[in-house]
Amino acid sequence: MTVRLITLLLVLTHPLAAAEKEPTRILLVVDASTSMNSAFGQGRATRFGTVRTAIDLLATALEGIKDQPEVAVRIFGGTINLNDQLSCSDTTLIRPWAPASEGNLNAVLDNVRPRGGSPLACALAAAVQDLGNPRPDDLVIVILDSLDTCDSDIDPAIEELLAGGEGAEVHFLGPGLPIEDQASLAATGVAFHSTGWPSQFKAVFFAVISKQIPPAGEKIPIPLDPLSDVPFAFRPTSLHFVLPDSTEVMSIDLSTTDRTSPTHPFSATITIGGANEDDRVQFVRASIRPGLPLMLEPLEENNTSLNLEFSPAGWGLQPTVRVSWQNAPGGPLRLVLSREGAPGASWIEALAISGSSGQASFPLPDRPTPVVVQLRRRGPYNTLVLAESPFAAEGRRVELHVPAQVEAGTSLPVSWDGDVVAGDTVTLVPKDSSVENLGPRFSPVDAPSTDLGFPLDECTWEIRFLASRTSQILARKTVNVTQAKAGFNAPTQVSTGADLLVRWWGPGHRSDAITIGEPENSPGEYIAWADPRLGSPAILQAPLDPGEYEIRYLSDRDGVLASQIITVEETPIQIEAPSQVVAGRRFPLSWRGPNGPDDFLIIVPAGASTSKHKDFVFVSTGSPTTLAAPDKTGAYEIRYVAGNPREVLATVEVTVVE
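Just so it is clear, the structure is predicted and the values come from calculations on it, not from any experiment.

Rules used in this analysis
- Residues numbered from 1 in each chain as written.
- Predicted model: local features only at pLDDT ≥ 70, side-chain atom pairs only at ≥ 80, totals over all residues.
- Heavy atoms only, no water.
- Helix = DSSP H or I, 4+ residues; strand = E, 2+ residues; numbered from the N terminus.
- Buried < 20%, exposed > 50% of the residue type's maximum accessible area, 1.4 Å probe, protein only.
- Contact = heavy atoms within 4.5 Å.
- Areas by Shrake-Rupley, 256 points an atom, 1.4 Å probe, with all protein chains shown as cover.
- Pairing = 2+ DSSP bridges.
- Phe/Tyr/Trp six-rings, centres within 6.5 Å; stacked < 30°, edge-to-face > 60°.
- Axes fitted to C-alpha atoms, helices over the stretch in contact; angles between N-to-C directions.
- Salt bridge = Lys/Arg side-chain N within 4 Å of Asp/Glu carboxyl O.
- Core = buried A, V, L, I, M, F, W, Y, C linked by side-chain atoms within 4.5 Å.
- Polar contact = N/O pair within 3.5 Å; in protein donor to acceptor, adjacent residues only side chain to side chain.

Engineer: Whenever I open this one, the overall build of the protein confuses me. Can you help?
Structural biologist: Looking only at helices and strands, the protein has five helices and 46 strands in total. Counting the 658 residues in the protein, one finds 47% classified as buried. For the protein, the share of sequence-separated contacts (at least 6 apart) that also reach a separation of at least 24 residues comes to 66%. Summed over all atoms, the accessible surface of the protein reaches about 31600 Å², with 49% contributed by carbon and sulfur.

Structure representation (structure tokens):
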């Protein structure tokens, strides 16, 4: 088929109600701190440069729209150097409220150079003033790479912006937003999106802003008279559009008088069909702009062919498709894997190739998906599809195995099987958390199972299996965590005589006790105890003898409500002091031991009882320390004495001389 150009004049109309409606307001709050100069993901583009590009595209997309949204832009950290004490109040409204078509929106960031700190709280407080009275149809997009470094609280400003659900819609859009920052934002009620590469950032940016443009009810009338001048091999009877980020096909019946499409001024993949199913000319993706011609170029007839060979998934193996091509024409070529019916630029994977024949491989989607492999060549106006081969990607099969219910504080066994590959993640999050939310996580490819320790609060949790490349949830299981009557979160081993911190939960009645004793002894026999009414953690002193012991929660009503075995390891005790010291003078010494809260060092005459000490010092003063030598010369002993129970743990001899 001969390549022909079709010109369709598009005229934009709006519903009458739009004139009565207050203009939509979009406030962009952009981080201009030093860190925004860093590279975005693995590419060369900087984070700030990607933001500039996104706003440029927004300005272009809004060209020709009659009811322009009001757009304002505020930056923070872009005018005062990082080391200046005023950098934590550095925020500027660089574009006041104005219709998007006015004031050269696409150049608003051109003269901004990231240089300062990140006074986010200050910028959000100013954003409240920018809006005056936040309305439900207001949109605030905060673009940043991390939360405030000026140690200010952002919650009050966010509460004013949201106004209890009656205020603005607020989105935080972060290139590489850290997990800890995502956790902080999850508690505020705002939406947040962490993006890993520039194209993802731009896609999310437009997804967030899309409902503000165009106004609801807008349609584009399409005069189709020029079609009669094109020598089709069939009579055109229908026109079909597929919009960006969509697989939905919108059709226009050319035999009717209503020749409008509920589309918007971006781009679409267009197909013209005839009366028979085989009558079809598919055009590549073309730009749609009000008042500008639409340039269409049909697919070329050629002898290019594609062959596909599949490698299934397995443990450690990603499913792949090997693509071979023959009889390709010259020029730069691109091999593309995309979802079937998706717009031309919305591919899953793309490779630049060359040569009339060759081979390449694609990793396949993790979920079952109808996809298509296309061989494309750049034409004079658009990209031409030379050959394509659709198929159904089977995806990966993964299963999780967990109990449906556990007690808080207990160990949760988790196992999995199926198509597990390197880079996959198993994570634990509260049920109904957003996809971006990540909790404790580990790599499932290293082993087929693990144990998870749960937080102590009663909650419904979810175990998720996330795909390596896309972070899609391939499997999920809900676990109901019930609160136990009592329990511990304590170390499993401790040194002799050391302080033992026991984090516990339980009824806390007046006569309850937290004890440590030998496992074979009755509940009433113990070595040390703590009163739970003093709060958690309870502090116990570990026994002086090494071995296995048991921590118990004793209830005056129900006996032992919880217990945990703990290993007490022997602590080497050592005293280092001079062999001779001068009478009446202080001398230095160092020690190593259990460091119990009541332990002390003394100097006594050789063979005398502990009560005959001449000087003493508590070990809590640290090592090294000092003791005073007795005034009388002779043989003495320096002793390390445990405070509870009182026991001599180590001794060293010393001679007092004139």
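Engineer: How should the pairing of strand β18 (residues 333–339) be read in this particular structure?
Structural biologist: It is a general feature of regular strands that their side chains alternate between the two faces of the sheet. Within β18, five of the seven residues are buried, which leaves it mostly tucked inside the rest of the structure. Relative to strand β19 (residues 347–353), β18 runs antiparallel, the two being bridged by six bridges. Pairing of Val 336 across the sheet is with Ala 350, part of β19.

Engineer: Where do I start with unusual backbone geometry in this structure?
Structural biologist: What is expected of a backbone is that most residues other than glycine have negative phi and most peptide bonds are trans. A cis amide bond links Ser 536 to the next residue, Pro 537, at an omega of 5°. Within the fold, Pro 537 resides in the loop between β35 (528–530) and β36 (538–541). The omega torsion across Ser 623 and Pro 624 is 5°, close enough to zero to call that bond cis. Tracing the backbone shows Pro 624 in the loop between β43 (615–618) and β44 (625–628).

Engineer: Where do I start with the packing of aromatic side chains in this structure?
Structural biologist: Aromatic ring pairs are defined here through the distance separating the ring centres and the angle between the ring planes. Scanning all chains against the criterion turns up seven aromatic pairs. Here Trp 416 and Phe 442 contribute two aromatic rings whose centre-to-centre distance is 5.7 Å and whose plane-to-plane angle is 40°, an arrangement assigned as tilted. With Trp 416 in strand β25 (residues 411–418) and Phe 442 in strand β27 (residues 441–442), this pair connects stretches of sequence that are 26 residues apart. Among the aromatic side chains, those forming a connected cluster through ring pairs are Phe 600, Phe 616 and Phe 618.

Engineer: Help me understand the sheet that holds strand β6 (residues 169–175), please; the structure alone is not making it clear to me.
Structural biologist: Strands belonging to one sheet form pairs held by backbone hydrogen bonds; the direction of such a pair is parallel or antiparallel. Across the sheet, six strands lie side by side as β4-β3-β2-β5-β6-β7; this open sheet has mixed pairing. What marks the edges here is a single partner per strand, and that holds for β4 (91–99) and β7 (191–195). Strand after strand, the sheet turns through a mean of 15° between neighbouring axes, direction not considered. The pairing of strand β5 (residues 139–143) with β6 spans five bridges and is classified as parallel. Its bridge partner lying in β6, Val 140 is registered against Val 170.

Engineer: Is there a simple way to explain the sheet that holds strand β39 (residues 574–576) in this structure?
Structural biologist: Taking strand neighbours across the sheet as the criterion, the three strands line up as β39-β41-β44 in an open arrangement whose pairing is antiparallel. Whereas interior strands pair on both sides, the edge strands pair on one side only; in this sheet they are β39 and β44. Across the sheet, the mean angle from the axis of one strand to that of its neighbour is 35°, orientation sign disregarded. Strand direction decides the pairing type here: β39 and strand β41 (residues 586–592), joined by three bridges, are antiparallel. The residue of β41 that forms the bridge with Ile 575 is Trp 591.

Engineer: Sorry, what's going on with the pattern of salt bridges here?
Structural biologist: Note that side chains of opposite charge can pair when their charged atoms are close. For the structure on display, the rule yields 15 salt bridges. As a salt-bridge pair, Arg 464 and Glu 462 come within 2.6 Å of each other at their nearest N and O atoms. Among the residues examined, Glu 462 registers a relative accessible area of 4% and is labelled buried. Here Arg 639 and Glu 637 are joined by a salt bridge, their closest N and O atoms 2.7 Å apart. Look at Arg 639 and you get buried, because its relative accessible area is 7%.

Engineer: Quick question: what am I supposed to make of the nonpolar core here?
Structural biologist: Within soluble globular proteins, side chains that are nonpolar generally end up buried alongside one another. Judged by nonpolar contacts, the single largest core of 30 residues is most densely connected at Leu 105, Leu 109, Ile 141 and Phe 205. Of all the secondary structure elements, the ones that give two or more residues to this core are β2 (25–31), α1 (47–61), β3 (70–76), β5 and α5 (198–209). Aside from chain neighbours lying at most four places away, what touches Phe 205 is Leu 28, Ala 54, Leu 58, Ile 141, Ile 143 and Leu 173. Within the second largest apolar cluster, 27 residues are counted, among which are Leu 27, Leu 120, Ala 157 and Leu 161.

Engineer: Before we go on, may I ask you to explain the side chain of Asp 531 in this structure?
Structural biologist: Its location among the elements puts Asp 531 in the loop between β35 and β36. Judged by relative accessible area, which is 16%, Asp 531 ranks as buried. Only 3.0 Å separates the side chain of Asp 531 from the backbone nitrogen of Arg 533, close enough to count as a polar contact.

Engineer: Explanation requested: the side chain of Asp 130 in the structure shown.
Structural biologist: Note on placement: Asp 130 falls in helix α2 (residues 120–131). At 2.7 Å, the side chain of Asp 130 forms a polar contact with the side chain of Arg 74. Residues within four places of Asp 130 in sequence aside, it is in contact with Leu 27, Arg 74, Leu 93 and Trp 97.

Engineer: Is there a simple way to explain the environment of Leu 317 in this structure?
Structural biologist: By the secondary structure assignment, Leu 317 is in the loop between β16 (305–311) and β17 (320–326). Residue Leu 317 is classed as exposed on the basis of its relative accessible area, which comes to 52%. Here Leu 317 is in contact with Val 420 and Val 421, once residues within four sequence places are set aside.

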